[in-house]
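Residue strings, one per chain:
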Amino acid sequence: ALARIIDRLIVYERGDVTLAVCGSGRAKAVRGWLQKHIFFQDKVQTRDVGAETCQFGLFGTQADKIAERLAIGAGALQLHDFIETTIAGSSVLLARTYPLPLTGYGYALIGPAASHEAVSAALLATGDVVPGGDAAYELLRIEASLPLSGHELTEDYIPLEAGLWDAISFTKGCYI
């Protein structure tokens, strides 16, 4: 195949464990592809933790203020940098993510699935958070020209057709 897209991963390096976040329903395809490219003697294991985790998006004009309340220093994070913090008694990864139109930068919060309700309640308790829902996110995502797995990120397109210019190195000779 000619540089076709399996998915776009956001990778958070956490010492001995690396968390790679992929599109919904893409974990099996991504794991299969990675398994084919891991050298035999490398000490690497992959595991799908999708059912064990939940993810929230925090966007809006108050996102920086809320993130800073959740974890001191969050407002200074660069794109894809993260802080690990505790929310509602659960360890949560709080990461800077792509900006959406009219809202400024946003944040991804990734934690254990068992804490979904508690983290959601803690976010709502700040008084500054209103659930937006999938339809609102989809509208903002399209306006921001952010590609999504299963939509613009498929094997039908090459990365440049999906607007992934910032995700490709033209100096390495290969962009797996």
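Everything below is about the structure shown above.
Every value quoted in this text rests on a predicted model; they were computed, and no experiment measured them.

A. Up close: the overall build of the chain. Check the secondary structure of the chain and you find 4 helices and 6 strands. In the chain, the order of α-helices and β-strands from amino to carboxyl end is β-β-α-β-α-β-β-β-α-α. A compact globule built from 176 residues should have a C-alpha radius of gyration of about 16 Å, and the chain, at 17 Å, falls within 12% of that. Dimensions of the chain, computed from the C-alpha atoms along their principal axes, are close to 50 × 35 × 30 Å. A total of 176 residues make up the chain; the buried ones form 31% of that total. Sequence-distant contacts in the chain: of pairs separated by 6 or more residues, those separated by 24 or more amount to 51%. For the chain, the accessible area works out to roughly 11200 Å², and carbon and sulfur atoms hold 55% of it.

B. Highlighting unusual backbone geometry. For A88, which is not a glycine, the phi torsion comes out positive at approximately 55°. The class for A88 is partly exposed, based on a relative accessible area of 46%. A positive phi is found at S145, a non-glycine position, where the angle reads about 60°. Turning to its location among the elements, S145 is positioned in the segment after helix 4 (133–143). The exposed category is assigned to S145, whose relative accessible area is 59%.

C. Spatial organisation of the pairing of strand 3 (residues 53–58). Alternating residues of strand 3 divide into C54, F56 and L58, all buried, and T53, Q55 and G57, none buried. One ladder, built from 6 bridges, connects strand 3 with strand 6 (residues 104–112); its direction is antiparallel. Among the inter-strand pairings, G57 is bridged to a residue of strand 6, identified as A108.

D. Focus on the sheet that holds strand 3. Overall, antiparallel pairing links the 4 strands, which are arranged 3-6-5-4 in an open sheet. The open sheet terminates on both sides in strands that have one partner only, identified here as strand 3 and strand 4 (82–87). The average undirected angle you get between the axes of adjacent strands in this sheet is 30°. Pairing geometry for strand 4 and strand 5 (residues 90–100), over 6 bridges, is antiparallel. Considered in strand 5, the bridge of I87 is made with S90.

E. Seen up close, the nonpolar core. Among the nonpolar cores identified, the biggest contains 19 residues, and L58, L70, A74, L94, Y107, L109 and L123 are the most heavily contacted of them. Elements supplying a minimum of two residues to this core: strand 3, helix 2 (63–70), strand 4, strand 5, strand 6 and helix 3 (116–125). Broken down by element, this core gets its largest block of residues, 4 residues, from helix 2. Apart from residues no more than four positions distant in its own chain, L123 is found in contact with F56, L70, L109 and V129.

F. Region of interest: the side chain of R141. Positionally, R141 belongs in helix 4. Polar side-chain contacts of R141 include one of 2.9 Å to the side chain of E138. Residues contacting R141, with those up to four places away along its chain left out, are L100, L146, P147, L148, H151 and E152.

G. Highlighting the pattern of salt bridges. Counting across every chain of the model gives 7 salt bridges. R69 is the salt-bridge partner of D128, the closest N and O atoms lying 2.4 Å from each other. Separated by 59 residues along the polypeptide, D128 in the loop between helix 3 and helix 4 and R69 in helix 2 bring together distant segments of the chain. By relative accessible area, which is 46% here, R69 ends up partly exposed. Linked through salt bridges whose partners overlap, the residues forming this network are K65, R69 and D128.

Cut-offs applied
- Residues numbered from 1 in each chain as written.
- Predicted model: local features only at pLDDT ≥ 70, side-chain atom pairs only at ≥ 80, totals over all residues.
- Heavy atoms only, no water.
- Helix = DSSP H or I, 4+ residues; strand = E, 2+ residues; numbered from the N terminus.
- Rg over C-alpha atoms; globule rule 2.2 N^0.38 Å.
- Buried < 20%, exposed > 50% of the residue type's maximum accessible area, 1.4 Å probe, protein only.
- Contact = heavy atoms within 4.5 Å.
- Areas by Shrake-Rupley, 256 points an atom, 1.4 Å probe, with all protein chains shown as cover.
- Pairing = 2+ DSSP bridges.
- Axes fitted to C-alpha atoms, helices over the stretch in contact; angles between N-to-C directions.
- Core = buried A, V, L, I, M, F, W, Y, C linked by side-chain atoms within 4.5 Å.
- Polar contact = N/O pair within 3.5 Å; in protein donor to acceptor, adjacent residues only side chain to side chain.
- Salt bridge = Lys/Arg side-chain N within 4 Å of Asp/Glu carboxyl O.

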